[in-house]
Amino acid sequence: MKLKVLGSLGGISQNSYTSSVLINDHIALDAGTGLHRLTEEQILQIKDVVLTHSHIDHIALLCFLIDSHAMNGNSTTVHCLAETADALMECIFNNKIWPNMSNIVVNGKSLLSFNILKPYERTRINDIELTALPVHHGLPTTGYCLHGRKENFVFCFDMIDAPDEFWAYLKNLDHFSRMAIEISFANHLEELAKASYHLTPNLLHKLLAKIPESVSIYYNHTKSNQEIIQQQAEELMGNRVQPLLQDDEIILE
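My aim in this report is to walk through the structure given alongside it, one point at a time. Source: prediction; values computed, not measured.

1. Some details on the pairing of strand β2 (residues 20-23)
Burial of the side chains of β2 extends over both faces: S20 and L22 are buried on one face and V21 and I23 on the other. Sheet topology places strand β1 (residues 2-7) next to β2; 4 bridges connect them, and they run antiparallel. Within β2, the residue paired with K4 across the bridge is L22. Taken together, the 3 bridges between β2 and strand β3 (residues 27-29) define a ladder with antiparallel strand orientation. Pairing of V21 across the sheet is with L29, part of β3. Between β2 and β3, which follow one another and run antiparallel, lie 3 residues, and N24 among them has a positive phi close to 50 degrees.

Below is the structure:
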């Protein structure tokens, strides 16, 4: 399984993009502004989108991706929690912000369909298998365990903590050596981080006790102060953590 990081940040500036990871060239994990970096040909290969939650930085280009497929008479399937699907239909595909594309049928298929994921239930999407792992972020949000043939990789974007079931899952997960998790704010912004259900280096450091010591950590979703965050993370957690950068590729055996 190949993961290509298109966007890994929690904010935008020139040449900086929000959360989106391309899996095996045809599945998008989140639909942030990172999708903008793909060519039209690459976009048309993505007919499945897996969402962590409904915040705008993670769905910013979802409508346009679906629209690109619609122009070619194709449909898009969004895989997510039931609450995320409900939020998208209520707030985005409501014929006010964007057309209700689930009601538009072309070639006998709705332009938009949902596959509702159940927490902790392993699911196959084309050639990949994943498991939704709910986390705490102020609204229904999930990370994912991506199941390679020989390695399990846990990928989380936004979170401040997770239920006990999440940590128990990690503890009992075989062939688990790498994980992506967020650090959104530097330590001096801890009050803001907590209020918005995000992590700082200090807060992540406290969570490390719940993650097996053998697991290496990639952090993502930094909103600002990237150099300060990297320095603070290294001081607290050493070489166990490293930033997840745009254009990084991760291969799962």
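2. Comments concerning the side chain of S19
Within the secondary structure layout, S19 lies in the loop between β1 and β2. The exposure class of S19 is buried, given its relative accessible area of 0%. Excluding residues that lie within four positions of it along the chain, S19 makes contacts with G7, L9, D30, A31, G32, D57, H58, F157 and H221.

3. What about the sheet that holds strand β10 (residues 128-135)?
One open sheet accounts for 7 strands, arranged β9-β10-β11-β12-β13-β14-β15; its pairing is mixed. On the outer flanks of this sheet lie β9 (122-125) and β15 (241-243), each paired with one strand and no other. The average undirected angle you get between the axes of adjacent strands in this sheet is 25 degrees. Bridging between strand β13 (residues 176-182) and strand β14 (residues 216-220) involves 5 bridges; their strand directions are parallel.

Definitions and cut-offs
- Residues numbered from 1 in each chain as written.
- Predicted model: local features only at pLDDT ≥ 70, side-chain atom pairs only at ≥ 80, totals over all residues.
- Heavy atoms only, no water.
- Buried < 20%, exposed > 50% of the residue type's maximum accessible area, 1.4 Å probe, protein only.
- Helix = DSSP H or I, 4+ residues; strand = E, 2+ residues; numbered from the N terminus.
- Pairing = 2+ DSSP bridges.
- Contact = heavy atoms within 4.5 Å.
- Axes fitted to C-alpha atoms, helices over the stretch in contact; angles between N-to-C directions.

Such coordinate-based values are descriptive only and should not be taken to indicate function.
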